[in-house]
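Structural overview
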Amino acid sequence: MSRISTDDLSIGYGRQLIVDGLELTIPDSKITCIIGPNGCGKSTILKTIARLLKPSSGSVLLDGKAIHQQSTKSIAKKIAILAQSPHTPEEMTVKDLVSYGRSPYQKGFGQLSGKDWEMIHWALKETNLLEYADRYVHALSGGQRQRVWIAMALAQDTDILLLDEPTTYLDLAHQLDVLQVLEKLNRDQNKTIVMVLHDLNHASRFSDYLISLRDGKIIKAGKPSEVMTNGVLRDVFDIDAQIVQDPSTKKPACLTYHLI
């Protein structure tokens, strides 16, 4: 059984319904990417899965139970989320920011335990940040800062990691750096990773499962080879795309496209 699913999920802002009757299942221990045009509900769905938004109706199920009926601390020990373009605090070291990932395990104003520091060290190591532990976060490059936020999510010690456009505003090399860190975490730690990505080729290359959305509804979900097709991209983005096989990854790639 999948740990995360939705049951007739509807989400709205005020009177505006963004998602209506969504039935979604997230594969365990895989990388899932959500793609679709701006405003189609990608981030809204991700935030609702993370319990940051309350649905208008229906439910998100985690381990078979409605997520909004579970405690905040309980959810924080199971799901970590990295929001889009998080604000980098001034005068805070990498180590201090990553330590915030241990908040769900703290009682009152208790100090960090040996276990907490062990997890912080592990998260820094997994994201190749040990040598930057005592540096200020705001002084790092964009790609390094993004790895710090990922390290904070890792220190939270959850099996599920949600990321909303983790490569936004990064150059190509830093985008690959961040995505390869996530790929390694999935491969080595069996983390279930769900990402919203705009770059179709990155989504295809780094995912095991793709979900394409339009107007809050799933157009097609499945392996990249099943979703990255001319027909699906036409229905989702109104583009006529030429799809080829990447010679390195054997995954489908969008070579070129134009508006219909």
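Per chain, residues are indexed from 1 in the order of the written sequence. Local features in a predicted model are, by the rule used here, given only for residues with pLDDT of at least 70; side-chain atom pairs are given and counted only at 80 or more, and totals for whole chains, interfaces and linings are based on all residues. Only hydrogens and water are set aside when side-chain values are computed; all heavy atoms of the structure are taken into account.

1. Re the pattern of salt bridges
For this analysis, a salt bridge means a side-chain nitrogen from Lys or Arg found within 4 Å of a carboxyl oxygen belonging to Asp or Glu. Within the structure shown, the criterion is met by eleven salt bridges. The partner of Lys-78 in a salt bridge is Asp-63, and the shortest N-O contact between them spans 3.6 Å. Placement of Lys-78 in the loop between α2 (72–76) and β7 (79–82) and of Asp-63 in the loop between β5 (57–62) and β6 (65–66) is noted, with a sequence separation of 15 residues between them. Under the relative-accessibility criterion, Lys-78 is labelled partly exposed at 22%. Think of it in three bands: residues with accessible area under 20% of the maximum for their type are buried, residues over 50% are exposed, and the middle band is partly exposed, with areas taken using a 1.4 Å probe on protein chains only. Given a relative accessible area of 30%, Asp-63 falls into the partly exposed group. The structure contains a network of salt bridges with shared partners spanning Arg-3, Asp-63, Lys-78 and Asp-159. Put simply, DSSP marks the helices as runs of H or I at least four residues long and the strands as runs of E at least two long, and each gets a number from the N terminus on.

2. Brief notes about the packing of aromatic side chains
Ring pairs shown here join Phe, Tyr and Trp side chains whose ring centres sit within 6.5 Å, with only the six-membered ring taken for Trp; geometry is labelled stacked below 30 degrees between planes, edge-to-face above 60, and tilted in between. This structure, assessed with the given rule, holds zero aromatic pairs. If you follow Arg-102 out to its NZ or CZ, it ends over the ring of Tyr-105, 4.1 Å from the centre. A ring has a charge above it when a Lys NZ or an Arg CZ is no more than 6 Å from the ring centre and no more than 35 degrees off the ring normal.

3. Considering the domain arrangement of the protein
Domain start and stop points were drawn from an automatic or database domain assignment. Splitting the protein by domain gives domain 1 (2–78 + 159–259) and domain 2 (87–157). Taking only C-alpha atoms, the centre of domain 1 and the centre of domain 2 are 25 Å apart. Between domain 1 and domain 2, the contact holds 19 residues from the first and 16 residues from the second. In short, buried area is how much 1.4 Å probe accessible area vanishes from two parts on joining, totalled over both. Roughly 1,400 Å² of surface becomes buried between domain 1 and domain 2 when both sides are summed, with 60% attributable to carbon and sulfur atoms. The tally of links from domain 1 across to domain 2 stands at two salt bridges. Here, two residues are considered to be in contact whenever any of their heavy atoms come within 4.5 Å of each other.

4. Focus: the environment of Lys-77
With respect to the helices and strands, the residue Lys-77 is situated in the loop between α2 and β7. Judged by relative accessible area, Lys-77 falls into the partly exposed class, the value being 37%. Linking Lys-77 and Ile-35, residues 42 residues apart in sequence, is a C-alpha distance of 27 Å. The residues touching Lys-77, leaving out its near neighbours within four places in the chain, are Pro-104, Tyr-105, Asp-157 and Thr-158.

5. Let's talk about the environment of Leu-161
Among the structural elements, Leu-161 can be located in strand β8 (residues 160–164). Sequence separation between Leu-161 and Lys-95 is 66 residues, and the spatial gap between their C-alpha atoms is 20 Å. If sequence neighbours within four positions are ignored, Leu-161 has contacts with Ala-80, Ala-153, Leu-182, Thr-192, Ile-193 and Val-194.

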